[in-house]
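# Inside the fold
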Amino acid sequence: MTLSRRRFLCGAGRLIGGYALADVLHAASARTMPMRMAMPTLAPPKVPLVNPATLARFVDPLPVPPIARPSGQRTHPAYPGRSLPYYRMEMRAFSARVHRDVPPTPMWGYDGRSPGPTFETVRGEPLLIEWVNALPTKHFLPIDYNIHGAERTKPAVRTVTHVHGARVPAGSDGWPEDWFAPGHSALLHYPGVQDAASLWYHDHAMGITRLNIYAGLFGAFNVRDEDEQSLGLPSGDCDLPLILCDRLIAQDGQLYYPVSDDPSAPWVPECRGNSVLCNGKLYPYFDVEPRRYRLRLINVANTRFFDLSLSQGHVFQQIGSDQGLLAAPLQRLRIELYPAERADVVVDFTGMAGQTVHLHQQSEAILEFRVRDRGRPDPSVLPATLRPVPRIDPATAVRHRVLTVGEQDDASGNPMMMTLDGRMWSDPVTEKPKQNTIETWSFVNVTGDAHPIHLHLVRFQIIDRRPFDLFAWNASRVVKYIGPAQLPPPHEAGWKDTVRADPGMVTRIAMRFEGEPGRYVWHCHYLEHEDNEMMRPYQLLPA
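A few words now on the overall build of the protein chain. Counting its secondary structure elements, the protein chain contains four helices and 34 strands. Relative to its length of 543 residues, the protein chain is compact, with a C-alpha radius of gyration of 22 Å against a globular reference of 24 Å. Its C-alpha atoms give the protein chain principal-axis dimensions of roughly 70 × 55 × 50 Å. In the protein chain, the share of contacts with a sequence separation of at least 24, taken over all contacts with a separation of at least 6, comes to 79%. Surface summary for the protein chain: the accessible area is close to 20000 Å², and the carbon and sulfur share equals 52%. Measuring between centres, the 57 positive side-chain charges of the protein chain sit 1 Å from its 58 negative side-chain charges.

So, about the layout of surface pockets. The computed volume of the largest pocket comes to approximately 420 Å³. As for the largest pocket, its lining consists of 20 residues, of which Lys 46, Pro 142, Tyr 257, Val 259 and Pro 266 are closest to the centre. Here the lining of the largest pocket is composed, by residue class, of 13 nonpolar, four polar and three charged.

It is worth spelling out the sheet that holds strand S33 (residues 518–524) at this point. Spatial ordering of the open sheet is given by S31-S29-S33-S34, a layout of four strands whose pairing is antiparallel. Only two strands of the sheet have a single partner each, and these edge strands are strand S31 (498–501) and strand S34 (535–540). Averaged over all adjacent pairs, the angle separating strand axes in this sheet is 25 degrees, with direction ignored. Bridge count for strand S29 (residues 451–455) against S31 is four bridges, and the pairing is antiparallel.

This paragraph deals with the pattern of salt bridges. This structure, assessed with the given rule, holds 40 salt bridges. In this structure, the salt-bridge partner of Arg 92 is Asp 111, at a minimum N-O distance of 3.8 Å. A residue pair is termed long-range when its members are at least 10 positions apart, and Arg 92 in strand S5 (residues 83–96) and Asp 111 in the loop between strand S6 (105–110) and strand S7 (116–122) qualify at 19 residues. Its relative accessible area of 29% is what places Arg 92 among the partly exposed residues.

A sheet is described by the order of its strands in space; here six strands give the open sequence S3-S17-S25-S24-S19-S22, paired in mixed fashion. Strands with a single pairing partner mark the edges of an open sheet, and in this sheet they are strand S3 (60–61) and strand S22 (334–337). Relative to S22, strand S19 (residues 306–310) is paired through four bridges, and the arrangement is antiparallel. Note on S22: the bridge partner recorded for Ser 309 is Arg 334.

Bringing the environment of Arg 294 into the picture now. Positionally, Arg 294 belongs in strand S18 (residues 292–299). Given the relative accessible area of 2%, Arg 294 is considered buried. On a C-alpha basis, the gap between Arg 294 and Asn 274 in space is 27 Å, while along the polypeptide they are 20 residues apart. Sequence-distant contacts of Arg 294, that is, excluding residues within four places in its chain, are made with Arg 224, Glu 228, Leu 233, Pro 234, Cys 238, Asp 239, Leu 240, Ile 319, Leu 325, Asp 344, Val 345 and Val 346. Of note is the side chain of Arg 294, whose polar atom sits 2.7 Å from the side chain of Asp 344.

Let's shift gears to the packing of aromatic side chains. Tallied over the full model, the rule gives 22 aromatic pairs. Consider the rings of Phe 58 and Tyr 283, whose centres lie 6.4 Å apart with planes at 80 degrees: the pair is edge-to-face. One end of the pair, Phe 58, is in the loop between strand S2 (19–20) and S3; the other, Tyr 283, is in the loop between strand S16 (281–282) and strand S17 (284–288), with 225 residues separating them in the sequence. Geometrically, the ring pair formed by Trp 108 and Phe 140 is edge-to-face, given 5.3 Å between the ring centres and 70 degrees between the ring planes.

Here we come to the side chain of Thr 303. Here Thr 303 shows up in the loop between S18 and S19. At 2.6 Å, the side chain of Thr 303 forms a polar contact with the backbone oxygen of Cys 271.

Under the criterion given, the structure shown has zero disulfides. Of the cysteine sulfurs around Cys 238, a residue in no disulfide, the closest is that of Cys 278, at 16 Å.

Tracing the sequence through the fold places Asp 464 in strand S30 (residues 461–467). At a separation of 2.8 Å, a polar atom in the side chain of Asp 464 contacts the side chain of Arg 508.

Of all six residues that make up S34, five are buried, and the element is covered over most of its length. As defined by bridge partners, S33 adjoins S34 across six bridges and the pair is classed as antiparallel. Bridged to Val 521 within S34 is Pro 537.

As a further point, take unusual backbone geometry. Across the junction of Ser 114 and Pro 115, the peptide omega takes the value 0 degrees, indicating a cis bond. Position of Pro 115 relative to the elements: it lies in the loop between S6 and S7. Although it is not a glycine, Arg 477 sits at a positive phi angle of roughly 55 degrees. By the secondary structure assignment, Arg 477 is in the loop between helix H3 (470–476) and S31.

The buried count for strand S32 (residues 505–512) comes to six of eight residues, which makes it a mostly enclosed element. Of the strand pairs in this sheet, strand S28 (residues 438–445) and S32 are connected by seven bridges, and their pairing is antiparallel. Within the sheet, the bridge partner assigned to Ser 442 lies in S32 and is Arg 508. Bridge analysis of S30 against S32 gives six bridges, and the strand direction is antiparallel. Note that in S32 the partner of Asp 464 across the bridge is Arg 508.

The next point concerns the nonpolar core. By size, the foremost hydrophobic cluster in this structure holds 97 residues, and its most contacted members are Trp 131, Leu 242, Leu 308 and Phe 369. If you tally residues by element for this core, the top one is strand S13 (residues 239–249), at seven residues. When residues no more than four places from it in sequence are discounted, the contact partners of Leu 242 are Leu 62, Cys 278, Asn 279, Leu 295, Arg 296, Leu 297, Ile 298, Leu 359, Leu 367 and Phe 369. Counting 28 residues, the second largest nonpolar core, distinct from the first, contains Met 418, Ala 450, Ile 509 and Tyr 520.

Moving on: the environment of Ile 453. Within the fold, Ile 453 resides in strand S29. A relative accessible area of 0% means that Ile 453 is categorised as buried. In this structure the C-alpha to C-alpha distance between Ile 453 and Arg 500, which are 47 residues apart in sequence, comes to 6.3 Å. With residues up to four places along the chain from it excluded, the contact list for Ile 453 reads Val 405, Leu 420, Phe 443, Phe 460, Asp 497, Thr 498, Val 499, Ala 501, Trp 522, His 523 and Cys 524.

Each value, and the rule that gives it
- Residues numbered from 1 in each chain as written.
- Predicted model: local features only at pLDDT ≥ 70, side-chain atom pairs only at ≥ 80, totals over all residues.
- Heavy atoms only, no water.
- Helix = DSSP H or I, 4+ residues; strand = E, 2+ residues; numbered from the N terminus.
- Rg over C-alpha atoms; globule rule 2.2 N^0.38 Å.
- Contact = heavy atoms within 4.5 Å.
- Areas by Shrake-Rupley, 256 points an atom, 1.4 Å probe, with all protein chains shown as cover.
- Lys, Arg positive; Asp, Glu negative; His and termini not counted.
- Charge placed at Lys NZ, Arg CZ, Asp CG, Glu CD.
- 1 Å grid on protein atoms, 1.4 Å probe; cavity = no way out; pocket = protein on both sides within 12 Å on 5 of 7 lines; lining within 4 Å.
- Points joined across faces, edges and corners; volume = space filled by probe spheres on them.
- Nonpolar A, V, L, I, M, F, W, Y, C, P; charged D, E, K, R; others polar.
- Pairing = 2+ DSSP bridges.
- Axes fitted to C-alpha atoms, helices over the stretch in contact; angles between N-to-C directions.
- Salt bridge = Lys/Arg side-chain N within 4 Å of Asp/Glu carboxyl O.
- Buried < 20%, exposed > 50% of the residue type's maximum accessible area, 1.4 Å probe, protein only.
- Polar contact = N/O pair within 3.5 Å; in protein donor to acceptor, adjacent residues only side chain to side chain.
- Phe/Tyr/Trp six-rings, centres within 6.5 Å; stacked < 30°, edge-to-face > 60°.
- Disulfide = S-S within 2.5 Å.
- Core = buried A, V, L, I, M, F, W, Y, C linked by side-chain atoms within 4.5 Å.

Coordinates in, geometry out; function isn't part of it.
This is the structure we're talking about:
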């Protein structure tokens with residue numbers, strides 16, 4: 001494919017059919033610098049879309065995904081003479097109502113639902129999952145065949161599941177090119193060798209990840225351990241995921257995915273919907289009791305940033321981030337989540353019987369909690385301390401890598417493609433850390449946008465963010481700092497697997513490369529970027 005087909009054109013916002021589809025393209029948070037603009041590239045929808053402002057609020061109950069149950073026991077070569085729990089998870093097409101007043105929406109999901117069932121796993125207890133592609137052979141969302149990995153020579157429908165944040169062998173990580181077509185499956189091994197954390201699983205097929213996740217292929221994956229369970233946090237039906245995404249939905253119920261104004265190259269740089277779904281519902285309600293609840297907030301949107309708060313000044317007590325518990329609870333009025341980030345929070349409804357509390361995305365209420373007293377006591381506690389988070393000393397790193405988050409321009413100066421360190425997926429591997437060594441990676445963001453960067457296999461810590469001179473970088477590829485380093489705020493001081501790399505900043509992280517040697521990936525978790533070259537392989541070498 002020629003580079004002219006791999007453009008990254010950021011369209012200006014506009015009204016289409018009465019809907020503010022500036023949201024479809026990037027509307028970054030207040031901290032984000034404006035993106036460079038080219039000519040608008042969105043094609044107007046060919047179907048009328050649902051205007052969520054016209055829908056009745058809080059008329060549907062919040063779905064709570066069921067817990068996945070094993071189908072039996074199987075052996076695995078890594079555990080000779082031992083049987084492991086075996087799960088069989090089919091990916092199937094189905095239809096579901098996102099709102100009482102909207103016709104059923106065709107989707108794809110694990111176990112024929114979206115979100116899929118929640119996996120409950122325990123540290124030290126390995127398991128096997130057979131991911132089965134039982135989907136149709138034709139995709140119902142627009143494939144751009146110009147994108148690397150999405151050529152017409154490949155099956156239109158293909159999948160491979162990645163458990164985001166899991167420490168697994170390379171062969172079970174969901175390598176993007178290890179996809180399989182309908183009628184086929186893959187048996188993957190999850191050794192359970194990590195601390196308790198709120199993970200999630202989703203499709204990761206090369207070139208169409210954005211479409212498969214938009215279609216509904218995602219779910220929660222919890223890891224528990226004895227240390228966490230000894231804390232007395234809310235549990236059982238008072239511990240649930242709140243999985244957030246945004247969608248564009250046609251008035252006939254169909255999912256609408258935006259396309260460019262070039263039919264031969266429909267890819268768009270970012271996808272934003274005007275309807276925010278929580279666990280697959282638009283404006284649901286959830287009955288709670290006057291007690292503490294543990295809510296695992298997960299952003300599974302393609303590109304949307306969530307800015308969450310509770311009504312009437314109620315607070316979140318954040319107890320965890322991407323890769324597990326924080327050192328101590330943090331009281332927060334707002335929770336900010338970029339795509340793939342998670343926040344583990346406790347909300348206390350004690351003494352609020354008969355009241356309602358709303359979860360807001362910015363100024364819009366998206367979920368209503370209805371407090372109903374059923375007379376059950378609350379045995380849970382919120383400890384003053386949770387789990388130590390020993391800091392990695394950057395001085396102990398054996399390698400310091402400087403990696404750009406950038407874009408390539410065409411002859412007219414318009415950005416056409418996002419890249420990591422100026423390289424494409426098919427370029428030779430340049431990051432080859434050694435097993436059990438510590439490295440620091442510095443993401444030099446030369447774009448006008450924030451990017452959520454995710455590393456597979458490892459957990460890491462944010463060291464700092466620091467402004468740099470972009471002109472000096474462009475002239476000599478030398479980082480010249482123009483301000484002091486900014487330490488991560490307390491809610492980012494725990495273990496992470498996805499980090500927001502801000503524009504005009506160098507974002508530094510430190511990690512120990514624990515895990516089995518093999519090939520893994522790192523990428524931007526804006527799914528449209530990831531699908532179009534903003535993903536790179538790395539090779540973990542034996543110690």
